[in-house]
Amino acid sequence: MSRNTKQEFKLTMLAAALLAAYGPVFAAEGQENSVSVGVGNWSDDRPQRGIYDGMRKEGGYLLLDADIMKRDDATGTWLGLRARNLGLDNREIKGDWLRQGDIGGSIEYSRISRDSPYTINTGLRGIGTTTQTVVNIAPGSAPGWDGLNTTRDRVTAKFFKSFGPELMFNASFRNETKEGNRLWGRGGAPEFALEPIDSTIRIMEGSLNYSRGDLQLSGGYYGTSYDNANSMVTAIGAATFFLSLPLSNRSHEVFLNGGYSFTPPMRGTFKASYSRATQDEPLGNFGGTASPLAPTNLNGRLDTTLLEAGLSAKPTSDLSVVANLRYRDFADKTPVYGIVFTGTTPTVYNTPFSYTNAVGKLEGNYRLPHGMSLLGGIEYNSQDRQIPNVGTLWVPFRAKLDETTYRVQMRKSMSETINGSLAYMYMDRNGSAFKVPAAAGETLQDRINPMNIADRQRDKWRAMVDWSPADRLAFQFAFEDSQDRYQGPNTYGLQGGSARLYSLDASYQMSAAWALNAWISRDENKADEITQNTVAVTKYNNLSEIGNSFGAGVTGKISEKLKMGGNVEQFRSVNEYNQFIVGAVLPATQVPTPNITNTLLRFKLFADYAVQKNADLRFQLIYEKWSTDDWTWMMFPASGRTPWAYGTTTDGTTITTDPKQTSTFVGVRYTYRFQ
């Protein structure tokens, strides 16, 4: 038995015992229930493909699922139990109790795990704590460590109660703890550290829903809390440095939503809410080096007000119209604090950011003769944004930002076997004049146009066609194209971008027992930007990511007891970094950024054998081959590619991943169905 199986042995054995003992009690007449148990084995580690599925390591795994429901016809009561992946790290189990039309509740547990794909070679001491010591090592000389991961354990409880046909109460509570470690460190003379994660998120919600005739109302409360057990990390290396962690915070929201049907084809809706988020955790003193003006508490506060109204109507049998207005006010009431680095005069301030957002939307759909319909719409989005008035601006700001979107779409049923649609969207974003940095000694980043507030024009096309040339054969084709153009007051930053997608899906029912399917797609994402290198030379970058994927599968029935199937998937993406300088060449100390290519090939085969009428055996075989030449943690000396190291005279930590990963999974699962 591998260490992976041992890890979950107690939990899964308990679950299996409960299912075996009480499964028949849960079974509902006419409701097919199932319990499945199996084992599987991966032949090799899967650092990349096993990030989220709980099966990163080679070895054996227990496979245990259940889906059981019971109904008591006399009382109208349902009992349910659903379990998935009980033998793995990403397990979940849920129990339901429901008395139809009266009262009910559920409780659910799930774990979300993330295993880092990297192997870390470090001398760092104190991993998982808030005091860490950087020990200098020769790069690559320490044992490799691949235990970097995070886990989220989530428990959710829900309850509802009906007080008659017009009134219902709903409540829910979720508690989520997150633990583990995450890559971290500091720049300058880079030194390695790990962020110790030990936090809890709680979410509470309650609502009262009223419905009578044409009127529906729903009002309630939504609250969240985030508590971080750690507030700061002290890292001791060539010098002692301090790293701040996310601060604990709270939020409270009250809301009221409603709708009213004035006539059968005309309905109005509204939403209103007010929320307050606060952050008042005491701030650390960073080893006694805090600014003399630094507050003991941030006293952070964000108040948000939302008002929304909508109207849908059908003036004629062929025309339907939808209109919507939304107003949102984000009021950041956090005090402004000055930070003193030398002397007694503040030179840097925090920047609370408030803005209001108003959105109006009008859309109509008109049914034309000959199986055609025309959809058109316009949306106007306006933001009034706060500009800091204390201290020095280090990035451009804008006081007003507006965006208008126009949309038109045509749908056509050309025959009983083919139909399609074509849509076009144009978006135009602009605003007030930029307020640009004016500080003495402003740096490169001060002269970059922020892409989130720069003027932008976007053209977007979308086409879709469904074609069934025969009863057993079907095709679906989709095409999307988007072109962006950016403008701003500065030379540097994003200039333009494009995105394009092609996809084709096909399915063929060869016979009542056999079916084929296949798909192919290509996506292209490109961006053009202007930057400046370290010797103040303007550099032009043409960046792109192009992905091609293909898949095909077959399922069939060999005999009354034996079913088989399989599929193959292949994916390849290439990131290209084309860089050039007009009238010059890159300095000898700088090398062109290499391209990055990622590939994946995966085969899956399965066979289902009916042991008896209500029990099956499934045999499964999976083969995966993944590769990359990602250089994120690499450097490129003349001798060739080598792992990049944190401060070679003060640290020496290196981070690597296996660029070629191949593994095979073999599994068998027994499924028992009952009523």
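Quick caveat, the model's predicted, so the values are computed rather than measured.

A. Geometry of the pairing of strand β32 (residues 538-557). Sheet topology note: the strand β31 (residues 515-532)/β32 ladder contains 18 bridges and is antiparallel. Residue Ala527 lies in a different strand from β32, and its bridge partner there is Leu543. Sheet topology places β32 next to strand β33 (residues 562-580); 18 bridges connect them, and they run antiparallel. What sits directly across from Leu543, in β33, is Tyr577.

B. Structural detail: unusual backbone geometry. Notably, Asn85 is not glycine yet its phi reads approximately 55°, a positive angle. For Asn85, the position within the fold is in the loop between β3 (77-84) and β4 (92-99). With relative accessibility at 27%, the residue Asn85 sits in the partly exposed group. Positive phi is not limited to glycine here, since His370 has a value of about 65°. In this fold, His370 is placed in the loop between β21 (355-368) and β22 (372-385).

C. Summary view of the sheet that holds strand β7 (residues 131-133). The strand order across the open sheet built from three strands is β7-β13-β14, with neighbouring strands paired in mixed fashion. The open sheet has two edge strands, β7 and β14 (240-244), and neither has a second partner. Ignoring which end each strand starts from, the neighbouring axes of this sheet average 20° apart. Relative to strand β13 (residues 232-236), β7 is paired through three bridges, and the arrangement is parallel. When the bridges of β13 are listed, Gln132 appears paired with Ala235.

D. Representation of a nonpolar patch on the surface in the model. The grouping of Val37, Tyr609, Val611, Phe619, Tyr670 and Tyr672 at the surface amounts to a nonpolar patch, some 510 Å² of accessible area in total. If you list the elements that add at least two residues to the nonpolar patch, you get β34 (596-612) and β39 (660-674). Position of Tyr670 relative to the elements: it lies in strand β39.

E. Quick look at the sheet that holds strand β6 (residues 119-121). In space, the three strands of this open sheet follow the order β8-β6-β38, with antiparallel pairing throughout. Whereas interior strands pair on both sides, the edge strands pair on one side only; in this sheet they are β8 (144-145) and β38 (654-656). As paired elements, β6 and β38 share three bridges and run antiparallel to each other. Each bridged residue has a counterpart across the sheet, and for Thr119 the counterpart in β38 is Thr656.

F. Quick peek at empty space enclosed by the protein. Counted under the stated rule, the structure contains two cavities of 30 Å³ or more. Its boundaries defined by the atoms lining it, the largest cavity holds a volume of some 50 Å³. Taken together, Asp45, Arg46, Arg49, Glu624, Lys625, Trp626, Gln661, Thr662 and Ser663 form the lining of the largest cavity. Broken down by class, the residue content of the lining of the largest cavity amounts to one nonpolar, three polar and five charged. Reported here for the second largest cavity is a volume of approximately 50 Å³. If you go around the second largest cavity, the residues you meet are Arg407, Ala423, Tyr424, Met425, Lys460, Trp461 and Arg462. Contributions of two or more residues to the lining of the second largest cavity are made by β25 (418-431) and β28 (455-470).

G. Just the pattern of salt bridges, in detail. Scanning the entire structure with this criterion turns up 40 salt bridges. With a shortest N-O distance of 3.9 Å, Arg673 and Glu32 are connected by a salt bridge. Of this pair, Arg673 sits in strand β39 while Glu32 sits in the loop between α1 (3-26) and β1 (33-42), and the two are 641 residues apart along the sequence. Given the relative accessible area of 18%, Arg673 is considered buried. Given the relative accessible area of 52%, Glu32 is considered exposed. Here Lys557 makes a salt bridge to Glu560, at a shortest N to O gap of 3.6 Å. Given the relative accessible area of 32%, Lys557 is considered partly exposed. What you see here is one network of salt bridges that share partners, running through Arg46, Asp53, Glu569, Arg602 and Glu624.

H. Focus on the layout of surface pockets. What the largest pocket holds in volume is close to 560 Å³. The wall of the largest pocket is formed by 30 residues, among which Gln48, Ser116, Pro117, Tyr118 and Trp633 lie closest to the centre. Those elements that place two or more of their residues in the lining of the largest pocket are β5 (103-115), β9 (149-162), β10 (167-186), β35 (615-628) and β38. Class assignment for the residues of the lining of the largest pocket results in twelve nonpolar, eleven polar and seven charged.

I. Local environment of the packing of aromatic side chains. Overall, the coordinates contain 17 aromatic pairs when judged by the stated rule. Aromatic pair Phe192 and Tyr646: ring centres 5.4 Å apart, planes at 65°, arrangement edge-to-face. Taken together, the residues span a long stretch of sequence, with Phe192 in strand β11 (residues 191-212) and Tyr646 in the loop between β37 (642-643) and β38 at a distance of 454 residues. Residues Phe192 and Tyr646 agree in their burial class; the two are buried. A centroid spacing of 5.1 Å and a plane angle of 75° characterise the contact between Tyr260 and Phe262, whose relative ring orientation is edge-to-face. By relative accessible area, which is 48% here, Phe262 ends up partly exposed. Cluster of aromatic residues (ring-pair linked, three or more members): Tyr118, Phe192, Trp633, Trp644 and Tyr646. The ring of Trp42 has Arg46 sitting right over it, with the charged end atom 4.0 Å from the ring centre. The positively charged end of Arg618 is found above the aromatic ring belonging to Phe606, 4.2 Å away from the centroid.

The rules behind the values
- Residues numbered from 1 in each chain as written.
- Predicted model: local features only at pLDDT ≥ 70, side-chain atom pairs only at ≥ 80, totals over all residues.
- Heavy atoms only, no water.
- Pairing = 2+ DSSP bridges.
- Helix = DSSP H or I, 4+ residues; strand = E, 2+ residues; numbered from the N terminus.
- Buried < 20%, exposed > 50% of the residue type's maximum accessible area, 1.4 Å probe, protein only.
- Axes fitted to C-alpha atoms, helices over the stretch in contact; angles between N-to-C directions.
- Patch = residues over 30% accessible without salt bridge, like charges linked within 9 Å, V, L, I, M, F, W, Y side chains within 5 Å.
- Areas by Shrake-Rupley, 256 points an atom, 1.4 Å probe, with all protein chains shown as cover.
- Salt bridge = Lys/Arg side-chain N within 4 Å of Asp/Glu carboxyl O.
- 1 Å grid on protein atoms, 1.4 Å probe; cavity = no way out; pocket = protein on both sides within 12 Å on 5 of 7 lines; lining within 4 Å.
- Points joined across faces, edges and corners; volume = space filled by probe spheres on them.
- Nonpolar A, V, L, I, M, F, W, Y, C, P; charged D, E, K, R; others polar.
- Phe/Tyr/Trp six-rings, centres within 6.5 Å; stacked < 30°, edge-to-face > 60°.
- Lys NZ or Arg CZ within 6 Å of the ring centre and 35° of its normal.

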